[in-house]
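Breakdown of the fold
Residue strings, one per chain:
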Amino acid sequence: MHAARCVFFLLTLLVSGASLARDGLLDPSFLYRGWAQLDEFVGGDRGRFQTLRDAKFDAQGRVIAIGTLSHPGSSANADCLVFISTPGGRDLEIQQRLTLDRGGSNVELCASLEVLPDGRLLAIGYATTSNDRLTGMVARLNADATPDTTFFDNGVFELNAQIGWIDPAESTLFVDSVVDAQGRLLAVGRVQANGQARGILVRFLADGTLDTGFGFDGAVPLADFSTPLVQPTSLVLDAQGRILVGGTTQQPGSVRHGVIFRVLDDGSLDGGYGAGMNGANGNGGGGRGFVSRCDRIASLAIDGSGRTLMGCEPDVSGATPGPLLAAGVLRLGTNGLPDTSFGGDGLVEPLGFTSPMGTLYSLPRIALQADGKIVMAATLDVADQPNNEFDWYVTRLNADGSTDFGFGYQSGYSRLRVGDPYVTASSESYWEQVSNLVLDPRGRPVIVGQRDFGTQATRFLIARLGMADPAVASGFLDPDFGFNTGYRLQHFDEFLGGGPRQDTTGTDVAVDGSGRITTIGRLRFDTNPSPTYQCVVTRSLADGRADTSFAPPNGRRTLSLSPTGNNVVLCTSVLALDDGSTLIAGSVGNSGTVIRLLPDGSVDTNFFGNGALETWTDLNFQATSRSATFNAIMRDAQGRIVVAGSTAQPGANGTDQFGLVLRLTADLAVDTGFGDGGVVRLHTTTNPFRLYVESIAQDTDGHLYFAGTEGQTGTGQEGGVVHRLLDDGSVDASWPGDSNYVHLAGSCVASGDIALDAQQRAMVSCYRSGGGVGIARLLRNGQLDLNFGTGGVTPVNFLPPTQSAQGRTTSLQQILPLPDGKLVAVGTHMNTNGTEVYYGTQDIGVARLLANGSPDFDFGEINGASLFRLPEIFGRFDEFANAATLQPDGRVLVIGSQSDRRPGVPVDDSTQHLLMRIGNVMPVPDNDRLFANGFEG
């Protein structure tokens, strides 16, 4: 390990408070931005009205969405559309238009979607038949969204044709569906004619045939009194398998309000349900109850206590007695009455009528999480912005109805807008509306709806909130790390100095054989006459939780070797050994230092007498006035410890600077068989007195590689350098040729990190004279590998080159080769062009490259890379990467710091130690079938 030198997305995130949670934020692993506007063309022209209505998920992890579009220039002909993502939702795989053409104007509208256990799909909605009579419709599709022609009439079930008691003068439609534990489809809708309507509930067996033992010939009518108007909107099953249908009912001359029917497994109404659920239209009972609080209801859900939740839009006409209430979430107790333990009166109004943001325009959609929290999404009617009528509004409630302030870009909610990502204007002309909200198998909200261009045309719109699944998506924060945020910020308030805290920085990270993570960093305090420093060491478990067996009780401690606090580079590089002990390389004063900690975090005072090797005294560097600094430490294949850095001593023309290598034996004594008494001094002939060594690597033959920079900054002689030593510390005179080292001047003006890939090729960070940063790859003979990048050097960009106006890569801290020949690069990106107002000046960048040096587009947000801006709110927050390493499963750990540079925030105490983990799916090796059974072939 070493310590080197120190999206554009269109859904707007309006910031009103800080949140360190990832819940409620756009998931950048979904369709590259967390959202997508999807289009369908008919005959080369874009469909006029395009709206998504529902989404579901199959066993492969694909996101499947369904909606409807009208043909160009007309809304009289409409088709259903199915969109299917790749597994995990990374990209769009299938876009299938369903041209069912059932007759009349050939209008089909799909309102609901189900996925069967065998992967086939069910599209539920309605269609026109002859004479434009509407019929409820179910279409069964194969897993690729093509019609399954074995289902009813060429793949389509028509409700009017299959239920004999529906009158020819009546029309029908389906609006919602669910598949029960037995694989049976339940579809709910209504039968209507002459301004009257009643609900209808239909069930199919798992084999796709109509369940004629359910209700009357497979269908249950849902009616209320005479001349009814019953309009179901949603369907849910409770823990006992009972069916609840929610909707609205209204009698002539009376107010409209919610109604819920409960149906038993045989299709009969549950006579014990509804008593006491009374409304203006009558008293509940006999299997149905009224929800007088709500004018309309949708998105029924049943929690673990059997209470019923729903999106609720109260009556705002004034006809219903009581105060006028805004739309929100209503919870009924097990007695069917509003639950007063939820928000005080059973109804939670996330935005009241007096909110300066606006009001909820649409009937809210809700989804119940496994932990009992409720996600709600609705269309926001934006206040005082006539050109931007609607945005998406998403919030989350705790089980008691209180707002979960750990959710969203804002404190407790996310307001999502298309068109103006930086909110530079007071409004924009695009309108976003919510149709539905569902949770995927990981509990992430998926919202579907439409985007209105304000030109009488809409587009399909879908978004996913939450964090990437690290099992299928690479290049994103790992939700299994750091208390479900993917990162850990530490301030170490218990460690006090002699003055105000000025800086808290993480410098290196290492993983031991048990998966435990050791980090080191630096605390700076403003003291007189000069700043003082402490080194801080932490150890955590593989998931980021503190390892309390190390430096109890918090798993962290400080170190100091200077009585005056001059420990600025005491902790530069760390090595975590499998026995639980730790070696820390750095320097103090004139000495390069190595400190050993025991597994419990205490200093090993048997190590060089006081727990620290100091070159000034223990190696007698003081005799020649040689100062030293160690920058890197590693354990070689024989268990020996190799430490590298630089040494300086007085010369004829000032101070001469050389590379320095120290080796300890496996039992931690100076290895006198290496170099000159355990020490090797490195130099170059082009700049014999100016060499700075930053990093170490070892190949499978035991050769040691060291990367650094020669020459003086700003001179024509400056360049990257790679040395190779033999096992005894002597220079490998055969590599490359007879020059004893690789001189990269002309290609790289500086180099820091070095790593070897699976083919033992050296990869070196390369700082270009024009300001770019890249990676140089050397063949085993030391020559630049012309099959890598351009001329052996490939650039590392954390944003696409087309977005160079938004910033550039300024440092590359770590190169991490992967077993399949790919590599991960970790560094820092500088923002420009005004974006620093929203993201700060510096962000951490992580990229993955293919074996030829080109971006791996399967990794990260865009162009094979991701920028990490923490916390997830707009503002001047700076993030710096200092080092990185891989965990055994390939996940990437990055250590660095985060600084709050927002106006008004004091500089004192504004930085934190940052450790983050990035998902990095490793390839599964193919089983070599050759000789698998003992024979060839």
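Below or above, wherever it landed, is the structure these notes cover. Everything quoted here is computed from the prediction, not taken from an experiment.

This next bit is on the overall build of the protein. For the protein, the count of helices and strands is three helices and 60 strands. Each of the 937 residues in the protein was classed as buried or not, and the buried ones make up 59%. A total accessible area of about 34600 Å² is found for the protein, and carbon and sulfur atoms account for 49% of it. One finds the centroid of the 67 positive side-chain charges in the protein at a distance of 1 Å from the centroid of its 100 negative side-chain charges.

With that out of the way, let us pick up the sheet that holds strand S59 (residues 892-900). Backbone-to-backbone hydrogen bonds pair the strands of a sheet. The strands run either parallel or antiparallel. Spatially, four strands are ordered S33-S60-S59-S58 in an open sheet, and the strand pairing comes out antiparallel. Each having just a single partner strand, strand S33 (487-490) and strand S58 (877-886) make up the two edges of the open sheet. Across the sheet, the mean angle from the axis of one strand to that of its neighbour is 20 degrees, orientation sign disregarded. When S59 meets strand S60 (residues 911-918), the two strands line up antiparallel, connected through eight bridges. Note on S60: the bridge partner recorded for Ile895 is Leu915.

The next thing to look at is a nonpolar patch on the surface. Taken together, the side chains of Val316, Leu324 and Phe353 present a nonpolar region at the surface, about 290 Å² in accessible area. Positionally, Val316 belongs in the loop between strand S22 (308-313) and strand S23 (328-332).

Further remarks concern the sheet that holds strand S47 (residues 704-710). Judged by pairing direction, the sheet is antiparallel, and its four strands sit side by side in the order S46-S47-S48-S49 without closing on themselves. Pairing within the sheet leaves two strands with one partner each, and these edge strands are strand S46 (691-698) and strand S49 (741-743). When strand polarity is set aside, the average angle formed by the axes of neighbouring strands in this sheet is 20 degrees.

Let's shift gears to the packing of aromatic side chains. According to the stated counting rule, one finds 13 aromatic pairs in the structure shown. Ring centres of Phe607 and Phe608 lie 4.9 Å apart, and the angle between their planes is 85 degrees; this geometry places the pair in the edge-to-face category. The exposure class of Phe608 is partly exposed, given its relative accessible area of 28%. For the pair Tyr705 and Trp735, a centre-to-centre distance of 5.6 Å together with 90 degrees between the ring planes defines the contact as edge-to-face. Note that Tyr705 is positioned in strand S47 and Trp735 in the loop between strand S48 (719-725) and S49, a separation of 30 residues in sequence. Three or more aromatic residues joined by ring pairs make a cluster, and in this case those are Phe151, Phe152, Phe157 and Phe204. Just above the ring of Phe621 sits the side chain of Arg626; from NZ or CZ to the centre is 4.1 Å. Its guanidinium or amino end placed over the ring of Tyr839, Arg869 lies 3.6 Å from that ring's centre, counting from NZ or CZ.

This part takes up the state of the cysteines. A covalent bond between the sulfur atoms of two cysteines is referred to as a disulfide. Within the structure shown, the criterion is met by four disulfides. The disulfide partner of Cys80 is Cys110, and the gap between their sulfur atoms is 2.2 Å. Residues Cys80 and Cys110 are joined through a disulfide that is right-handed, its torsion about the S-S bond being 100 degrees. Residue Cys80 is found in strand S7 (residues 78-85), and its partner Cys110 is found in strand S9 (residues 108-115); the two are separated by 30 residues along the sequence. By relative accessible area, Cys80 is classed as buried at 0%. Linked covalently through their sulfurs, Cys748 and Cys766 form a disulfide whose S-S length is 1.9 Å. An S-S torsion of about -105 degrees defines the bridge between Cys748 and Cys766 as left-handed. A residue pair is termed long-range when its members are at least 10 positions apart, and Cys748 in the loop between S49 and strand S50 (754-756) and Cys766 in strand S51 (residues 762-767) qualify at 18 residues. Neither Cys748 nor Cys766 differs from the other in exposure class; each is buried. Counting its disulfide-bonded cysteines in sequence order, the protein shows a connectivity of 1-2, 3-4, 5-6, 7-8.

Here we come to the side chain of Thr485. Take Thr485: it is sitting in the loop between strand S32 (458-464) and S33. A distance of 2.7 Å separates a polar atom in the side chain of Thr485 from the backbone oxygen of Gly482.

Moving on, we come to the pairing of strand S8 (residues 92-98). Inspection of the sheet shows S7 paired to S8 by six bridges, in the antiparallel sense. Of the residues in S8, the one forming a bridge with Ser85 is Leu92. Counted between consecutive antiparallel strands, the loop separating S7 from S8 contains six residues, among which Gly88 sits at a positive phi close to 90 degrees.

Attention now moves to the environment of Gly678. Summarising the element assignment, Gly678 is placed in the loop between strand S44 (654-664) and strand S45 (679-682). With a relative accessible area of 0%, Gly678 lands in the buried category. Spatially, the C-alpha atoms of Gly678 and Val537 are 28 Å apart, while their sequence positions differ by 141 residues. With sequence-adjacent residues up to four places away left out, Gly678 is seen in contact with Val661, Leu662, Arg663, Val670, Asp671 and Thr672.

Moving on to the pattern of salt bridges. For the coordinates displayed, the defined rule picks out 57 salt bridges. Each of the salt bridges in this network shares a partner with another, and the network as a whole consists of Asp180, Arg184, Arg203, Asp211 and Asp265.

This part covers the pairing of strand S43 (residues 641-651). Burial runs high along S43: nine of the 11 residues are buried. Here strand S42 (residues 627-635) pairs with S43 via eight bridges, running antiparallel. Across the sheet, Ala628 pairs through a bridge with Thr647, a residue of S43. Connecting S42 to the next strand, S43, in antiparallel fashion are five residues, including Gly639 with a positive phi near 85 degrees.

The rules we used
Every chain is numbered on its own, with residues counted from 1 as its sequence reads. It should be noted that, the model being predicted, local features are given only for residues of pLDDT at least 70 and side-chain atom pairs only at 80 or more, the latter also being counted only at that level, while totals for whole chains, interfaces and linings use all residues. As a convention, hydrogens and water are excluded, and side-chain values are obtained from all of the structure's heavy atoms. A run of H or I in DSSP counts as a helix once it spans at least four residues, and a run of E counts as a strand once it spans at least two, with each numbered from the N terminus. Each residue's exposure class comes from its accessible area (1.4 Å probe, protein chains only) as a fraction of the maximum for that residue type: buried when under 20%, exposed when over 50%, partly exposed otherwise. Computed by Shrake-Rupley with a 1.4 Å probe, the accessible areas treat only the displayed protein chains as cover when residues are assessed. Here the positive residues are Lys and Arg and the negative ones are Asp and Glu; neither His nor the chain ends is included. Note that the charge is assigned to NZ on lysines, CZ on arginines, CG on aspartates and CD on glutamates. A strand pair is defined by DSSP finding two or more bridges across the two strands. All axes here are fitted lines through C-alpha atoms, helices being fitted over the stretch that makes contact, and every angle between N-to-C directions spans 0 to 180 degrees. Patches in this entry comprise residues that are over 30% relatively accessible and not in a salt bridge; like charges within 9 Å are linked, as are nonpolar side chains (Val, Leu, Ile, Met, Phe, Trp, Tyr) within 5 Å. A pairing counts as a salt bridge when a side-chain nitrogen of Lys or Arg comes within 4 Å of a carboxyl oxygen of Asp or Glu. Stacked, tilted and edge-to-face are the three classes applied to pairs of Phe, Tyr and Trp rings, where Trp contributes its six-membered ring and a pair requires centres within 6.5 Å; stacked means planes under 30 degrees apart, edge-to-face means over 60, and tilted covers the rest. Sitting over a ring, as applied to charges here, requires NZ of Lys or CZ of Arg to be within 6 Å of the ring centre and within 35 degrees of the ring normal. For this text, the term disulfide refers to a pair of cysteine sulfurs within 2.5 Å. Identification of polar contacts relies on pairs of N or O atoms within 3.5 Å, with a donor-acceptor requirement for protein atoms, meaning one able to donate a hydrogen and the other able to accept it, and with residues adjacent in sequence counted only if both atoms are side-chain atoms. Whether two residues touch is decided by their heavy atoms; if any such pair falls within 4.5 Å, the residues are in contact.

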